[in-house]
Amino acid sequence: MSAKVWLVGAGPGDPELLTLKAVRALGEADVVLIDDLVNEAVLVHCPTACIIPVGKRGGCRSTPQEFIHRLMLRYARQGKCVVRLKGGDPCIFGRGGEEAQWLRTHGVEVEMVNGITAGLAGATQCNIPLTLRGISRGVTLVTAHTQDDSSLNWQALAQSGTTLVIYMGVAKLSEIRDQLLAGGLAADTPVAMIENASLPQQRECRSDLTAMQEDAFAFQLKSPAILVIGAVAACEDVKRSQAAAEWCTDLAL
Ligand code: SAH
């Protein structure tokens, strides 16, 4: 039997944001290796599978990546249907690319299933359109946390004219603020900080670039959270409907 692993995105937390394909893969799974940001409610779709938590916060503190690779390989070679379930999208700061490459080098077929990444879901849940005609022409997803502590090109980010969606930024708020200010981003640029996006315990803190660190501290912002930085982070439904009305007038609709 040919060995195969599904690398599946479980979405940001709300089990209804799971794709139909993810549900099908889970339904076929014999073994499911889950990360700790996965909402366990999605496991109703694989009631008979063997569940192995391999997250860094859960029961298994800091499961080495090499161990996860070998576990997947072992089960796949036994002919088991293996699902590697990750929070959000497997290829957005989820090591999906690394795992797929490793498995393929070891002769294992890999099928990826997208999930809704936290940055997109968080913004939408807070009524923030990440792109908005005339206001934001693009989005940059970026992680504040690098394995080798190498620095990002903050100046390029500050001057990109895109909405910045920052993952893993809670512990680096002052650095993010300082670097973006130094890079030329306006001090009053709106910021939204969204914790536990799409889950019942979701919380959002609105601020601006200068005040974000103090505001997050007062709000007791905790991980997992994403930061949305850019003019759209100040959008509210009212403003959006006004803008929509203006566009309709422009277009003579
Ligand atoms: N692959 C995931 C990201 C994993 S990196 C995805 O596509 O969403 C982990 C980071 O993702 C967290 O530190 C946090 O910044 C963000 N994150 C994941 N789930 C989140 C959630 N429900 N709410 C807010 N941020 C979340």
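What counts, and at which threshold
Residues numbered from 1 in each chain as written. Predicted model: local features only at pLDDT ≥ 70, side-chain atom pairs only at ≥ 80, totals over all residues. Heavy atoms only, no water. Near = heavy atom within 4 Å. Polar contact = N/O pair within 3.5 Å; in protein donor to acceptor, adjacent residues only side chain to side chain. Nonpolar A, V, L, I, M, F, W, Y, C, P; charged D, E, K, R; others polar. Domains from an automatic or database assignment. Buried < 20%, exposed > 50% of the residue type's maximum accessible area, 1.4 Å probe, protein only. Helix = DSSP H or I, 4+ residues; strand = E, 2+ residues; numbered from the N terminus. Arc of directions from axis to C-beta. Contact = heavy atoms within 4.5 Å. Salt bridge = Lys/Arg side-chain N within 4 Å of Asp/Glu carboxyl O. Pairing = 2+ DSSP bridges. Axes fitted to C-alpha atoms, helices over the stretch in contact; angles between N-to-C directions. Parallel < 35°, antiparallel > 145°, perpendicular 65-115°, else oblique. Left-handed = near helix turned anticlockwise from the far one by under 90°. Phe/Tyr/Trp six-rings, centres within 6.5 Å; stacked < 30°, edge-to-face > 60°. Lys NZ or Arg CZ within 6 Å of the ring centre and 35° of its normal.

Undergrad: How should I be thinking about the site of the ligand in this particular structure?
TA: Neighbouring the ligand are 18 residues, the closest being Asp 89, Ile 92, Thr 117, Ala 197 and Ala 225. One of the backbone nitrogen or oxygen atoms of Pro 12 is found 3.0 Å away from a nitrogen atom of the ligand. Ala 118 places a polar main-chain atom, nitrogen or oxygen, 2.9 Å from an oxygen atom of the ligand. Partitioned by chemical class, the residues of the shell around the ligand number twelve nonpolar, five polar and one charged. In terms of domain composition, the shell around the ligand takes at least three residues from each of domain 1 (4–113) and domain 2 (118–247).

Undergrad: Sorry if this is basic, but what is going on with helix H1 (residues 20–28) here?
TA: Spacing of three or four residues puts side chains on the same side of an α-helix, whose turn is 3.6 residues. Taken residue by residue, H1 has Ala 22, Ala 25 and Leu 26 as its buried positions. For H1, the angular spread of buried residues about the axis comes to 100 degrees, placing them on one side. Away from its buried face, by an angle of more than 90 degrees, H1 presents the exposed residues Leu 20 and Gly 27. The inward-facing, buried residues of H1 abut strand E1 (4–9), strand E2 (31–34), strand E4 (82–86) and strand E5 (109–113).

Undergrad: Which parts of the structure should I look at to understand the pattern of salt bridges?
TA: Across all of its chains, the model carries twelve salt bridges by this definition. For the salt bridge of Arg 177 with Glu 214, the shortest nitrogen-to-oxygen distance reads 3.8 Å. Taken together, the residues span a long stretch of sequence, with Arg 177 in helix H6 (residues 173–182) and Glu 214 in helix H7 (residues 212–219) at a distance of 37 residues. Note on Arg 177: relative accessible area 14%, which makes it buried. According to the relative accessible area criterion, Glu 214 is partly exposed, its value standing at 44%. The partner of Arg 203 in a salt bridge is Glu 195, and the shortest N-O contact between them spans 3.0 Å. Under the relative-accessibility criterion, Glu 195 is labelled buried at 7%. One salt-bridge network, held together by shared partners, links Asp 35, Arg 84, Lys 86 and Glu 99.

Undergrad: Sorry, what's going on with the sheet that holds strand E10 (residues 225–229) here?
TA: Think of a sheet as strands paired side by side through backbone hydrogen bonds, with each pair either parallel or antiparallel. An order of E6-E7-E10-E8-E9 is seen for the five strands of this open sheet, with the pairing classed as mixed. Of all strands in the sheet, those bounded by a partner on one side alone are strand E6 (139–143) and strand E9 (203–208). Taking the axes of each pair of neighbouring strands and ignoring which way they run, one obtains an average angle of 20 degrees across the sheet. Set on the sheet, H7 makes contact with strand E8 (190–195), E9 and E10; between it and E9 the angle comes to about 155 degrees.

Undergrad: Can you walk me through the environment of Thr 117 in this structure?
TA: You can see Thr 117 is positioned in the loop between E5 and helix H4 (118–125). By relative accessible area, Thr 117 is classed as buried at 6%. A polar side-chain atom of Thr 117 sits 2.6 Å from a polar atom in the side chain of Tyr 167.

Undergrad: It is not clear to me how the packing of helix H2 (residues 65–77) against helix H3 (residues 96–105) should be interpreted in this structure. Could you clarify?
TA: Helix packing for two helices is described by the angle between their axes and how far apart those axes are. Contact pair H2 / H3: the axes reach a minimum separation of 10 Å and the direction vectors enclose 50 degrees. Judged by the inter-axis angle, H2 sits oblique to H3. Crossing geometry of H2 relative to H3 is assigned as right-handed. Here Gln 65, Glu 66, Ile 68, His 69, Arg 70, Met 72 and Leu 73 of H2 lie close against H3, whose contacting residues are Glu 98, Glu 99, Trp 102 and Leu 103. Residue composition of the contact of H2 with H3, by class: five nonpolar, two polar and four charged.

Undergrad: I'm lost on the packing of aromatic side chains in this one. Help?
TA: For any pair of aromatic rings, the description consists of the separation of the ring centres together with the inter-plane angle of the planes. Per the stated rule, a full pass over the model turns up one aromatic pair. Ring geometry for Phe 93 versus Tyr 167: centroids 4.9 Å apart, planes at 65 degrees, classification edge-to-face. One end of the pair, Phe 93, is in the loop between E4 and H3; the other, Tyr 167, is in strand E7 (residues 163–167), with 74 residues separating them in the sequence. Owing to a relative accessible area of 8%, Tyr 167 belongs among the buried residues under this scheme. In this structure, Lys 4 packs its charged tip against the face of Trp 6, placed 4.3 Å from the ring centre. Across from the ring centre of Tyr 75, 5.2 Å away, lies the NZ or CZ of Arg 74, which sits over that ring.

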